[in-house]
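Below are the chains, spelled out letter by letter.
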Amino acid sequence: MGKIKVMSADLANMIAAGEVIERPSSVIKELAENSIDADSKHIDIAVYNGGKEMISVKDDGSGMERDDALLAFERHASSKLRSVYDLMRITTLGFRGEAVPSIASVSRVHMVTSSGQGVGTEINAEPGKPLSVSDAALRKGTSFEVKELFYNTPARLKYLKSDRTENASSIETAEHLALGFPSISFSFSLDGKSIFKTTGRDNLLETIASIFGNEIAKSSLEFKLEGDGFEAEGFICHPSINYSTRYNILTFLNNRFVYIPKVQKAIIDGYKDYLPPNRYPLTVIHFTVDYSLVDVNVHPAKKEVRLSCEDQLALSVHDKVQEVLTRTRSTFAQPSIPSPRPTELVAENKTLEPKDFTNPLFQEDEEKSEQTNKPVEPNMESLFSAGEKEAENKSFSVEDSHGFIEDRFQERKPVFFEEKTSFPTIYPVGQVLQTYIVCDSADGLYMIDQHAAAERINFEKCEDNFKTKHDRIVPLFPIVIELTPSLMNNCDEAHAKALEDLGIIVVPFGKSALKVEEIPEFLSQKDDDSVLRDIINQVLADAKVDTAVIEHLAIATKACKMSIKANNILTHDEQVALIKQLSLCRNPLNCPHGRPTVIKLSKYDIEKLFKRTGF
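Please read all numbers here as calculations on a predicted model, not as lab measurements.

S.K.: Looking at this structure, I do not really get the environment of Thr165. What am I missing?
M.R.: Within the secondary structure layout, Thr165 lies in helix 7 (residues 163-180). Thr165 gets classed as partly exposed once you look at its relative accessible area, which sits at 26%. Considered as a pair, Thr165 and Ala541 are 376 residues apart in the sequence and their alpha carbons are 9.6 Å apart.

S.K.: Is there a simple way to think about a nonpolar patch on the surface in this case?
M.R.: A cluster of nonpolar side chains, Val432, Leu433 and Tyr436, forms an exposed patch at the surface whose accessible area comes to about 270 Å². Summarising the element assignment, Tyr436 is placed in strand 21 (residues 436-441). Tyr436 sits in the partly exposed class, given a relative accessible area of 30%.

S.K.: Hey, could you run me through the sheet that holds strand 10 (residues 230-237) in this one?
M.R.: Picture the strands of a sheet paired through backbone hydrogen bonds; they go either parallel or antiparallel. Strand order in the open sheet formed by five strands is 9-10-15-12-13, and the pairing between neighbours is mixed. The open sheet has two free edges, formed respectively by strand 9 (220-227) and strand 13 (256-258), since each of these has just one partner strand. Here the strands of the sheet are splayed against their neighbours by 20 degrees on average, with no regard to which way each runs. Across eight bridges, strand 9 lies against strand 10 in antiparallel orientation. Bridge pairing links Phe223 to Gly234 in strand 10.

S.K.: Before we go on, may I ask you to explain the pattern of salt bridges in this structure?
M.R.: A side chain of one charge can pair with a side chain of the opposite charge when the charged atoms of the two come close. Following the criterion strictly, the structure yields 15 salt bridges and no others. A salt bridge links Glu222 to Lys224, with the shortest nitrogen-to-oxygen separation between them at 3.8 Å. On the basis of relative accessible area, Glu222 is assigned to the partly exposed category, the value being 47%. Accessibility expressed as a relative area gives 48% for Lys224, which makes it partly exposed. Counted as one network, the salt bridges with shared partners bring together Arg108, Glu126, Lys129 and Glu148.

S.K.: Any chance you could explain the pairing of strand 10 here in plain terms?
M.R.: Remember that side chains alternate between the two faces of the sheet whenever the strand is regular. By the criterion of burial, strand 10 is predominantly enclosed, with six of the eight residues buried. Linking strand 9 to strand 10, which pair antiparallel, is a turn of two residues; within it Gly229 sits at a positive phi near 95 degrees. Where strand 10 lies against strand 15 (residues 283-289), seven bridges are found, and the strand directions are antiparallel. Considered in strand 15, the bridge of Phe230 is made with Val289.

S.K.: Can you help me understand the side chain of Thr251 in this one?
M.R.: Structurally, the position occupied by Thr251 is in strand 12 (residues 249-253). Overall, Thr251 belongs to the buried group, its relative accessible area being 4%. A distance of 2.9 Å separates a polar atom in the side chain of Thr251 from the backbone oxygen of Val258. If near-sequence neighbours (up to four positions away) are discounted, Thr251 is found in contact with Arg256, Phe257, Val258, Ile260, Val263, Ile267, Ile285 and Phe287.

S.K.: Could you clarify how one ought to interpret unusual backbone geometry in this entry?
M.R.: Both trends apply: most residues other than glycine have a negative phi, and most peptide bonds are in trans. Positioned with a positive phi, Asn49 is a non-glycine residue whose angle comes to about 55 degrees. Looking at where Asn49 falls in the secondary structure, it is placed in the loop between strand 1 (42-48) and strand 2 (54-59). Positive phi values are uncommon outside glycine, yet Glu148 reaches one of about 50 degrees. With respect to the element layout, Glu148 can be found in the loop between strand 6 (141-147) and helix 6 (154-158). The exposure class of Glu148 is partly exposed, given its relative accessible area of 38%.

S.K.: Where do I start with the packing of helix 17 (residues 493-501) against helix 18 (residues 529-541) in this structure?
M.R.: To describe two helices that pack against each other, one gives the angle between their axes and the distance between the axes. Relative orientation of the contacting elements helix 17 and helix 18 amounts to 140 degrees, with a least axis distance of 9 Å. By the angle between their directions, the pair helix 17 and helix 18 is classed as oblique. Two packed elements cross with a definite hand, and for helix 17 against helix 18 that hand is right-handed. Every residue of helix 18 that contacts helix 17 at His495, Ala498 and Leu499 is listed here: Ile535, Ile536, Val539 and Leu540. In terms of residue class, the contact of helix 17 with helix 18 is made up of six nonpolar, one polar and no charged.

S.K.: Explain the packing of aromatic side chains to me, please; I cannot follow it from the model alone.
M.R.: Two descriptors summarise a pair of aromatic rings, namely the distance from one centre to the other and the angle between the planes of the rings. The final tally for this structure, using the stated rule, is two aromatic pairs. Taking the centre distance of 6.1 Å and the plane angle of 5 degrees together, the rings of Phe188 and Phe196 count as stacked. For Arg108, the ring lying beneath its charged end belongs to Tyr151, and the centroid distance is 4.0 Å.

S.K.: So what exactly am I meant to see when it comes to helix 7 here?
M.R.: The α-helix winds at 3.6 residues per turn, so residues separated by three or four positions along the chain end up facing the same way. The end-to-end C-alpha separation of helix 7 is 26 Å, in line with the 26 Å expected for 18 residues at 1.5 Å each. A large share of helix 7 lies buried, amounting to 13 of its 18 residues.

S.K.: Where do I start with helix 8 (residues 204-212) in this structure?
M.R.: By the burial criterion, the buried members of helix 8 are Leu204, Thr207, Ile208, Ile211 and Phe212. All buried residues of helix 8 project into a common sector of 110 degrees when viewed along the axis, lining one side. Backbone nitrogen of Leu205 and a side-chain oxygen of the N-cap are separated by 3.1 Å at the start of helix 8; the cap is Asn203. Among the residues trailing helix 8, Gly213 stands out with phi positive, at a value near 105 degrees.

S.K.: What is the right way to read the confidence of the model for the protein from this model?
M.R.: The predicted coordinates should not be examined in detail at positions where pLDDT is low. Predicted confidence across the protein gives a mean pLDDT of 75, with 70% of residues reaching 70 or more. Below a pLDDT of 50 lies the segment residues 81-89, which in the model reaches 10 contacts outside its immediate sequence neighbourhood of four places, other chains included. Counting contacts from residues 330-412, a segment whose pLDDT is below 50, to residues more than four positions away or on other chains yields 101 contacts.

Parameters and conventions
Residues numbered from 1 in each chain as written. Predicted model: local features only at pLDDT ≥ 70, side-chain atom pairs only at ≥ 80, totals over all residues. Heavy atoms only, no water. Helix = DSSP H or I, 4+ residues; strand = E, 2+ residues; numbered from the N terminus. Buried < 20%, exposed > 50% of the residue type's maximum accessible area, 1.4 Å probe, protein only. Patch = residues over 30% accessible without salt bridge, like charges linked within 9 Å, V, L, I, M, F, W, Y side chains within 5 Å. Areas by Shrake-Rupley, 256 points an atom, 1.4 Å probe, with all protein chains shown as cover. Salt bridge = Lys/Arg side-chain N within 4 Å of Asp/Glu carboxyl O. Pairing = 2+ DSSP bridges. Axes fitted to C-alpha atoms, helices over the stretch in contact; angles between N-to-C directions. Polar contact = N/O pair within 3.5 Å; in protein donor to acceptor, adjacent residues only side chain to side chain. Contact = heavy atoms within 4.5 Å. Parallel < 35°, antiparallel > 145°, perpendicular 65-115°, else oblique. Left-handed = near helix turned anticlockwise from the far one by under 90°. Nonpolar A, V, L, I, M, F, W, Y, C, P; charged D, E, K, R; others polar. Phe/Tyr/Trp six-rings, centres within 6.5 Å; stacked < 30°, edge-to-face > 60°. Lys NZ or Arg CZ within 6 Å of the ring centre and 35° of its normal. Expected span 1.5 Å × (residues − 1). Arc of directions from axis to C-beta. pLDDT = per-residue confidence, 0-100.

Shown next as structure tokens:
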């Protein structure tokens, strides 16, 4: 007797369901994609009890005749593939012919469909039972009701997430479908409550406004690109709109929401001069690529694709993102205004800021160079002497735009620290790449990341303020934070309480926004609105709501925004001030995000690099 047996149709369908149907949002994706392929103009999606009780997808598409409706419940039955050649040019969303039978193998399905001619068809399907078929009303289109999902597979039902998490996944799936097909009107409701609705007027910016809110739509920059074998159009957001995760970098290939690794990296790299580290933009970009260059059959849920022109596409996207952002840079960059030498500013009792300083080591020689129009080597010895003579005659404070204040030394001396610090005695030599402070010491060379150091200093200042000052204030001007439907759905008592514990009181403001009624005193500055938005987004996106983690994030975000950035020239006094304040921090070796602030090259390391150790 042979050991190998042909599996029953029911067993094969349940195995296929494991690949295609992972959770309720998978059902929505498969059924809605079939509705799109049926040339629907309106698609209504409804979810009840996290999708476990019922999922409803209704459309006004072409519908099916009875014979086709019956075949739709058979495995590998498809209206979208006729030959191997069709597999090389996939022009539809669903094509495997597995979705409907897979869904019917793990739930109870009620389907009503009609092509608009003859009589409609109603089918009820249950696992292990023959299909029940009857006549139905003549309404062109198809309606699916999927009830009691995974009722016959207890293990899979057990490992579904909470209703809130499953609802968020379902909303996100519907959002991606709506953004991928702005010419189709989508509506989504949750337990009878309308979450969002798009117009279907083939206006992507209008769809973005329906999903993300008007503020995002107003901050969207048009993106258009043409290349050899591909086109792209959509919108990328102003750098002031940024997030702590990559989830809002949305890319669509031939209207299908997909993840294209090289293209996503190209977008992030294009923004790198405009966003702090670990901050990511919001983009909605549609790529149109010749179908013969795309392989969409490399992932069971078709979440990833392969492109023959991916490298060329990524390079073009990177260049275009930088071009769009450069054209609009004047809208958010501070103008560069030449200023007098630091000593002149001090004489007039003006505040000094890093961006206002002219480097005294090169100023004199630059003036000579301008007169002769020839490069001139600076006389370092004479210039240092001039700086020291100035210091002997002047004593002033250096205050950058973020509050670092230190008395200027009358002589250039090593920086000595209090005994309680773990810092060695070091001597700031200068800056490298306008970002890193290079310091000499008896035991080697130290490099300090000025932004990471400033973040650590400001983080501990803000943390102390947060712990000692719990006062809340009412904003002078109303603060309204627009949210996506999935985040608004999470705005319940638990999340509102988590925000209240952070000193933020919010109330619903319409269907897609929150109004901030009270804020903590330490977030009352005019530039703190973006910090508030980040905190609220993070709280609502975190299903478990760990207040300590959110509190750390809030303080770290504010510290990052108020800290001096890379590519800022610091005077020697500012370097000294920064290092001294860093040495007094509780954790001077790491910024709030965990990156190092100080890197040391020991004497041995340096000698080894120069082959002086004998190895």
